[in-house]
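This is what each chain is made of:
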Amino acid sequence: MTDDRTRRRYLAALAGVATVGIAGCTTDSGGETPTGTQTDPDTGTGQTATTPTELPDAVGLDPLTTALSAPLDVVFPPDIDARYIAQQEGVVARHGPDGLASTPFLDLRDAVTTGGEKGVLGLALHPEFEQNRRFYVRYSAPGRPGLPSGYSHTFVLSEFRATDDGTRARRDSERTLLEIHQPQSNHNAGSIAFGPGGYLYVGVGDGGAGGDQGRGHVEDWYDGVGGGNGQDVTENLLGSILRIDVDNRDDGQAYAIPEDNPLVGRSGLDEQYAWGLRNPWRFSFDGSDLFVGDVGQGRFEEVDLVERGGNYGWNVREGTHCYQASECPNQTPDSVRGGEPLRDPIVEYPHEGAPVSGISVIGGHVYRGDALPSLDGRYVFGDYVAQGRLFVASRPAAGQQWPTTTLPVREEDTGKLAQVRSFGRDADGELYVVTNGESEAGLHRIVPA
């Protein structure tokens, strides 16, 4: 896959829809993992721990349901024996002990525009969902008022409320929090998640097409290298991770800005938390650690460990590599926010030529369950074109990329992994993978083989 257009054609041929992904790593570690610093999932504080050095001989995929249509995300309500599954067409399904409910948890087909990378793209439950029944949906809508001429559609982030028993969403409870006009139909990101402090984190792609079509402030960069929406924090919210407070409101807004967001009181848009991203399709928290998969352009995929105010390099760099120039800087010019560093990914992998390879990385979760103790503390993720594979990365000594290898899947289950679309983690730390198989789409629990 040599460019974004080629990838879209390939994905469309596979599934009838294009998708986006996140990035992995070039190293096949053979399962060896050094001692490192890990994050306590309850406190969010660092703790020194030794990760087991041997991976499982294989893992299995236990199907919960295989009756889905283009599933893209899954969340787990804390007090209900069920899970909510977002489907791209506009339906959020509820799956419980008796299987899929006959009536959708939420039906947004009258409000959503679909096709390609558009649709219902992300779900998040409020940290106090058990008490307030509030949840959040990220979806694509037809152009709303103010859409510039020639633009594709409108990014929508909305709050809804569920019924007291959690079986249905109240369709008339929608409260729109954020709208962003999207120049192109692709690079829509879609992941949303609550992090430490109860703030909502929102992934936003660079606007679409290829190479980052935003003008940005190229004139501020060395010899015209850089710029675009990914490096522009003053004119739009594209190419970024946003952080907002959904429990409060500032004047004229449906949300408030956390006081410690990095650009508060500085030049830039206050919602910005981190930038220099191309298409942050799936991300997750492990304690205070934020793992973001960012879709590559034509050569490399990457996973970033995102920090407040971090600049992750796009479109100056693709992973650790120069995107277009033969030489590229490792920081912004002094005229661009004082010369901030361009941060390296923790995982990077190529589009071909390595055991860990693919064309569109799908970000996962750190495993914290009991069923597979040898995975404890390791990051499990995949690629959209899975070819029966899952990947696993292990925390190294500080300052190094994470050693990454394939996670063996038992042979009879590899056919379930034609395409990986998303991952989920339940309250017990067990992991789930949302897939398109060779003949059906499903939600599977990752289990011992």
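None of these values were measured; they are calculated from a predicted model. (Residues numbered from 1 in each chain as written. Predicted model: local features only at pLDDT ≥ 70, side-chain atom pairs only at ≥ 80, totals over all residues. Heavy atoms only, no water.)

A.B. asks: Give me the lowdown on the side chain of Asp426, citing residues and values where you can.
C.D. replies: Tracing the sequence through the fold places Asp426 in the loop between β27 (419–425) and β28 (431–436). This buried residue, Asp426, is left without a salt bridge; Arg445 holds the nearest opposite charge, at 5.2 Å. A polar side-chain atom of Asp426 sits 3.0 Å from the main-chain amide nitrogen of Glu430. (Helix = DSSP H or I, 4+ residues; strand = E, 2+ residues; numbered from the N terminus. Buried < 20%, exposed > 50% of the residue type's maximum accessible area, 1.4 Å probe, protein only. Lys, Arg positive; Asp, Glu negative; His and termini not counted. Salt bridge = Lys/Arg side-chain N within 4 Å of Asp/Glu carboxyl O. Polar contact = N/O pair within 3.5 Å; in protein donor to acceptor, adjacent residues only side chain to side chain.)

A.B. asks: Break down the nonpolar core for me, with residues and values.
C.D. replies: In terms of nonpolar packing, the biggest core is built from 26 residues, with Leu390 and Ile446 touching the most fellow members. Every element with two or more residues in this core is listed here: β3 (59–68), β25 (390–393), β27 and β28. Counting 23 residues, the second-largest nonpolar core is a separate cluster that includes Leu106, Phe129, Val137 and Val156. (Core = buried A, V, L, I, M, F, W, Y, C linked by side-chain atoms within 4.5 Å.)

A.B. asks: So what's going on with the state of the cysteines? Which residues, and what values?
C.D. replies: Overall, the coordinates contain 1 disulfide when judged by the stated rule. In this model, Cys322 is linked to Cys328 through a disulfide, with the two sulfur atoms separated by 2.4 Å. Its S-S torsion of about -90° marks the bond between Cys322 and Cys328 as left-handed, since a negative value means left-handed. For Cys328, a relative accessible area of 22% corresponds to the partly exposed category. (Disulfide = S-S within 2.5 Å.)

A.B. asks: Mind laying out the environment of Arg243, listing which residues take part and the relevant values?
C.D. replies: As for its position among the elements, Arg243 is in strand β15 (residues 240–244). Between the alpha carbons of Arg243 and Arg308 there is a distance of 9.6 Å; along the sequence they are 65 residues apart. When near neighbours in sequence (up to four residues on either side) are disregarded, Arg243 contacts Tyr199, Leu200, Tyr201, Pro258, Asp260, Asn261, Glu271 and Tyr273. A polar side-chain atom of Arg243 sits 2.6 Å from a polar atom in the side chain of Asp260. A distance of 2.7 Å separates polar atoms of two side chains, one belonging to Arg243 and the other to Asn261. (Contact = heavy atoms within 4.5 Å.)

A.B. asks: Please give an account of the pattern of salt bridges that cites residues and values.
C.D. replies: Scanning all chains against the criterion turns up 21 salt bridges. Of the charged contacts, one joins Asp79 and Arg133 as a salt bridge, the two residues approaching to 3.0 Å between their closest N and O atoms. Taken together, the residues span a long stretch of sequence, with Asp79 in the loop between β4 (71–75) and β5 (83–87) and Arg133 in the loop between α2 (129–132) and β10 (134–141) at a distance of 54 residues. Residue classification places Arg133 among the buried positions, given a relative accessible area of 7%. We note a salt bridge from Glu179 to Arg144, for which the minimum N-O separation is 2.8 Å. Taken together, the residues span a long stretch of sequence, with Glu179 in strand β12 (residues 169–182) and Arg144 in the loop between β10 and β11 (153–162) at a distance of 35 residues.

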